[in-house]
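What follows is each chain in one-letter form.
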Amino acid sequence: QVHLVESGGGWVQPGGSLSLSCVATGRTFRSMAWFRQAPGKEREFVASRNRGSIVYYAPSVKGRSTISADDPFNTVYLQINDLKIEDTATYYCAGKWEFEVETTPSAYDTWGQGTQVTVSS
C-alpha cells in the first residue's frame, strides 16, 4: 500500500542535465532521499531532504544538484547538472517517518524500484 515510484531516468550526454521525480503513495514521509547504485558498487547517498527543507548533498554532486519537494511532501525531485559518466547508475528514492535527514540506506524504510540513468557520449 505504501510505494515510492521514480521516473525521469534515461540517457544523457556528459555535461547535460536530468531531472528525476519520486512520488509517494499510501503515505507521506518526513524525510526522503535519493541514492544511486552502479554495477558492482555499494548503494551511494546522493541527496536528502526533510519537510523542514533541510537538505544534504553528497560531495560528488554538491554544487551541481538540487533536491526539492512539493508542499505536501509526497513528491521529491532531483536535478543534476553537468552530468558525468560517473553519475551512471540506478537511482533510488527512499523515505522514512523520522524527521531527521540521514545519509545511510539502512535508515530508510521504504524504497522505490529505481530509475536508470546512463551518461555517455
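Up top is the structure these notes are about.
None of the values given here were measured: they were computed from a predicted structure. (Residues numbered from 1 in each chain as written. Predicted model: local features only at pLDDT ≥ 70, side-chain atom pairs only at ≥ 80, totals over all residues. Heavy atoms only, no water.)

**Side note on the overall build of the protein chain**
For the record, the criterion: Under the scheme used here, helices are H or I runs from DSSP no shorter than 4 residues and strands are E runs no shorter than 2 residues, and both carry numbers assigned from the N terminus. Throughout, the radius of gyration refers to the C-alpha atoms, and the reference size of a globule is 2.2 Å times the residue count to the power 0.38. Remark: exposure states derive from per-residue accessible area (1.4 Å probe, protein chains only) relative to the maximum for the residue type, with buried under 20%, exposed over 50%, and partly exposed in between. The contact definition used throughout considers only heavy atoms, calling two residues in contact when any of these lie within 4.5 Å.
Each helix and strand in the protein chain was counted, giving 0 helices and 11 strands. When its helices and strands are written in sequence order, the protein chain yields β-β-β-β-β-β-β-β-β-β-β. Against the compact-globule benchmark of 14 Å for 121 residues, the protein chain has a radius of gyration of 13 Å, which places it among compact chains. Dimensions of the protein chain, computed from the C-alpha atoms along their principal axes, are close to 40 × 25 × 25 Å. The burial tally for the protein chain puts 41% of its 121 residues in the buried class. Across the protein chain, contacts joining residues at least 24 apart in sequence account for 59% of those joining residues at least 6 apart.

**Details of the pairing of strand β1 (residues 3-7)**
Just so we agree on the cut-off: Strands are labelled as partners when DSSP assigns at least two bridges between them.
Because side chains alternate across β1, one face comprises the buried residues Leu4 and Glu6, and the other comprises His3, Val5 and Ser7, none of which is buried. Here β1 runs beside strand β3 (residues 18-25); their pairing, made up of 5 bridges, is antiparallel. When the bridges of β3 are listed, Leu4 appears paired with Ala24.

**Considering the sheet that holds strand β7 (residues 65-69)**
As a reminder, the rule being used: Each axis is a line fitted through C-alpha atoms, and for a helix only the stretch in contact is used; angles between axes span 0 to 180 degrees, taken between their N-to-C directions.
Taken in spatial order, the 4 strands of this open sheet run β1-β3-β8-β7, and their pairing is antiparallel. Edge positions in the open sheet fall to β1 and β7, since each of these has one partner strand only. Taking the axes of each pair of neighbouring strands and ignoring which way they run, one obtains an average angle of 15 degrees across the sheet. With 5 bridges joining them, β7 and strand β8 (residues 75-80) adopt antiparallel strand pairing. Bridged to Ser68 within β8 is Tyr77.

**Examining the nonpolar core**
The condition that has to hold: Side-chain atoms within 4.5 Å are what join buried Ala, Val, Leu, Ile, Met, Phe, Trp, Tyr and Cys residues into a set we call a nonpolar core.
Counting 30 residues, the largest nonpolar core has Met32, Trp34, Leu78 and Tyr91 as its most contacted members. Of all the secondary-structure elements, those providing two or more residues to this core are β3, β4 (31-37), β5 (44-50), β8, β9 (89-96) and β11 (115-119). Setting aside its immediate chain neighbours within four residues, Met32 contacts Leu4, Cys22, Ser48, Arg49, Ile67, Phe73, Val76, Cys93, Ala94, Gly95 and Tyr108.

**Some words on the side chain of Lys96**
For the record, the criterion: For this analysis, a polar contact is any N or O atom pair within 3.5 Å, provided that within protein one partner can donate a hydrogen and the other can accept it, and provided that sequence-adjacent residues contribute only side-chain to side-chain pairs.
Topologically, Lys96 is positioned in strand β9. For Lys96, a relative accessible area of 0% translates into the label buried. Engagement of the side chain of Lys96 in a polar contact is seen with the backbone oxygen of Glu98, the distance being 3.2 Å.

**With respect to the state of the cysteines**
The cut-off we apply is this: Note on disulfides: each one is a pair of cysteine sulfur atoms within 2.5 Å.
Enumeration according to the criterion identifies 1 disulfide in this entry. Put simply, Cys22 and Cys93 are joined by a disulfide, and their sulfur atoms are 2.0 Å apart. What sets the handedness of the Cys22 and Cys93 disulfide is the S-S torsion sign, and at about -80 degrees it is left-handed. Highlighted residues: Cys22 in strand β3 and Cys93 in strand β9, separated in sequence by 71 residues. Pair check on accessibility: Cys22 and Cys93 agree, each one buried.

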